[in-house]
Structures are given as structure tokens and as C-alpha cells.
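Summary of the model geometry
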Amino acid sequence: QAMQTTGLTAYVAEKLNDSFPHPHEAYLEMLLDNGILGLLCIIPIYFLAVKRSISLFLDRSDRQYEAAGGAALALVLALLFASFGAQTLYPREGVVGMWAAVGVAFRVYENRERKRWGEDDEMAEENERTEEFEEASYADTSRMALDGV
């Protein structure tokens, strides 16, 4: 889009007798469309996905960690390497599976971190207290309805 709005597409077509609507390099395309700030906002997202996926993939304590990390890592790295050639960083139908794998990997990563810090036990206790409170509230409401209040 930026190449068309800036007139670069017309210039290349007119002066060089070549027509291409966008650069066939995702990082350059992102830079032309969104500027350096836009590119700097996108890169950390992919960096975080790669970092967490590597962390999960190298954790041999649970097969689930390895599988989620390995799948997400393979798909993200495939996109990042393909982006040097013809792929784009903009959302397309072809990357839905990658983002699903990244979402699963992030969820598994959070569960692993909670296990490490013992937060699962605390959350289970809190959920039990919440259920007890809800049951007591329901019982009080039912009793009040029966009493005609």
C-alpha cells in the first residue's frame, strides 16, 4: 500500500519498465507501510513468541511443553525466514495455524510458570472458596424465596 500511495509503484513502472505492487520482502514492506516505529512495535511480538517457544521446547520435564514449544517455534521461524522472500507479516489465512500454535504455547508457558511458583495450589483453594460462597448464596436465596421474603 505504501508503495502505491507514495508513488513508488508508478515510478518503478514508468522509469524501470517493471511493475510490482509491493516489495517481496516482509520487513521492508512493514517498514514502508508503517515506518520504523511500526516495525519496532511488531518485532518484539515475534521475538517474544520465539523466546517462549524455545523455552518450552527445551524443557524436557513434560512432553506437553516440548510439543507446544516445538510446534510454535517451527511455525514462527518458518514465517520469519519466509518473510525475507515473498511472505508478509500482515495477517493472512495461511498464518492462522501459526497464531493458534503460538496461543497454545503461550497458555502452556503460563501454566508452567504457575506450577513453578506454586500458584496452581493457591488458585485451586481460591476456586473452592468461591464455589462454597456461591453455594451458600444460592441456598440463602432459595430459603428466602421459600419463606416468601
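Looking now at helix 3 (residues 26-58). Along its 33 residues, helix 3 runs just 29 Å from first to last C-alpha, ending more than 12% under the 48 Å computed at 1.5 Å per residue. The sharpest bend along helix 3 measures roughly 120° and falls at Asn34. By the burial criterion, the buried members of helix 3 are Ala26, Tyr27, Glu29, Met30, Gly38, Leu39, Tyr46, Ala49, Val50, Ser53 and Leu56. Looking at the buried positions of helix 3, the neighbouring elements they touch are helix 4 (63-82) and helix 5 (96-117).

Attention now goes to the nonpolar core. It is characteristic of soluble globular proteins that their nonpolar side chains tend to be buried jointly. By size, the foremost hydrophobic cluster in this structure holds 23 residues, and its most contacted members are Tyr46, Val76 and Leu89. Within the residue set of this core, elements represented by two or more residues are helix 3, helix 4 and helix 5. The leading source of residues in this core is helix 3, at eight residues. With residues up to four places along the chain from it excluded, the contact list for Tyr46 reads Val76, Leu79, Leu80, Leu89, Met98 and Trp99.

The geometry of helix 3 relative to helix 5 is characterised by a closest axis approach of 10 Å and an angle of 60° between their N-to-C directions. Our classification of the angle between helix 3 and helix 5 gives oblique. Helix 5 is crossed by helix 3, and the crossing has left-handed handedness. Where helix 3 approaches helix 5, its residues Ile45, Tyr46, Leu48, Ala49, Arg52, Ser53, Ser55 and Leu56 are matched on the opposing element by Met98, Trp99, Val102, Ala105, Phe106, Val108, Tyr109, Glu110 and Arg112. In terms of residue class, the contact of helix 3 with helix 5 is made up of twelve nonpolar, two polar and three charged.

Next up on the list: a nonpolar patch on the surface. Among the surface-exposed residues, Leu28, Leu31, Leu32, Ile36, Leu37 and Leu40 lie close enough to one another that they form a single nonpolar patch of about 560 Å² accessible area. Topologically, Leu40 is positioned in helix 3.

Along the chain, Arg112 turns up in helix 5. Ignoring anything within four residues of it in the chain, the contact list for Arg112 reads Ser55, Leu56, Asp59 and Tyr65.

With their axes 8 Å apart at the nearest point, helix 4 and helix 5 run at an angle of 140° to one another. Comparing the axis directions of helix 4 and helix 5 gives the class oblique. Of the two possible hands of crossing, helix 4 and helix 5 adopt the one that is left-handed. Contact with helix 4, carried on its side by Gln64, Tyr65, Ala68, Ala72, Leu75, Val76 and Leu79, involves Gly97, Met98, Ala101, Val102, Val104, Ala105, Val108, Arg112 and Lys115 of helix 5 and no other residues of that element. Residue composition of the contact of helix 4 with helix 5, grouped by class: twelve nonpolar, two polar and two charged.

Rules behind the numbers
- Residue indices follow the written sequence of each chain, beginning from 1 at its first position.
- Thresholds applied to this predicted model are a pLDDT of at least 70 for local features of residues and 80 or more for the giving and counting of side-chain atom pairs; totals over whole chains, interfaces and linings are not thresholded and use all residues.
- Note that water and hydrogens are dropped before the side-chain values are worked out from all heavy atoms of the structure.
- Strands are runs of DSSP state E lasting at least two residues, helices are runs of H or I lasting at least four, and both sets are numbered from the N terminus onward.
- Take the number of residues in a helix, subtract one, and multiply by 1.5 Å to get its expected span.
- Two axes enter the bend calculation: one fitted to the seven residues ending at the residue in question, the other to the seven starting there, and the bend is the angle between them.
- When accessible area is computed with a 1.4 Å probe and restricted to protein chains, residues below 20% of their type maximum are described as buried, those above 50% as exposed, and intermediate ones as partly exposed.
- Residue contacts are defined here by distance: any two heavy atoms, one from each residue, within 4.5 Å place the two residues in contact.
- Residues enter a nonpolar core if they are buried and are Ala, Val, Leu, Ile, Met, Phe, Trp, Tyr or Cys, with the set joined through side-chain atoms within 4.5 Å.
- In this analysis, axes come from line fits to C-alpha atoms, helices being fitted only over the stretch in contact, and the angle between any two N-to-C directions falls in the range 0 to 180 degrees.
- Roughly parallel here means an angle under 35 degrees, roughly antiparallel means over 145, roughly perpendicular means 65 to 115, and every remaining angle is called oblique.
- Throughout, a crossing is termed right-handed when the near helix is turned clockwise from the far one, and left-handed when it is turned anticlockwise from it by less than a right angle.
- Gly counts as polar in this scheme, as do all residues outside two lists: the nonpolar Ala, Val, Leu, Ile, Met, Phe, Trp, Tyr, Cys and Pro, and the charged Asp, Glu, Lys and Arg.
- Only residues whose relative accessible area exceeds 30% and that form no salt bridge are eligible for patches; like-charged ones are grouped when within 9 Å, while nonpolar side chains (Val, Leu, Ile, Met, Phe, Trp, Tyr) are grouped when within 5 Å.
- A 1.4 Å probe and the Shrake-Rupley method give the accessible areas. Residues count as covered only by the protein chains that appear here.
- Definition used for salt bridges: Asp or Glu carboxyl oxygen within 4 Å of a side-chain nitrogen of Lys or Arg.

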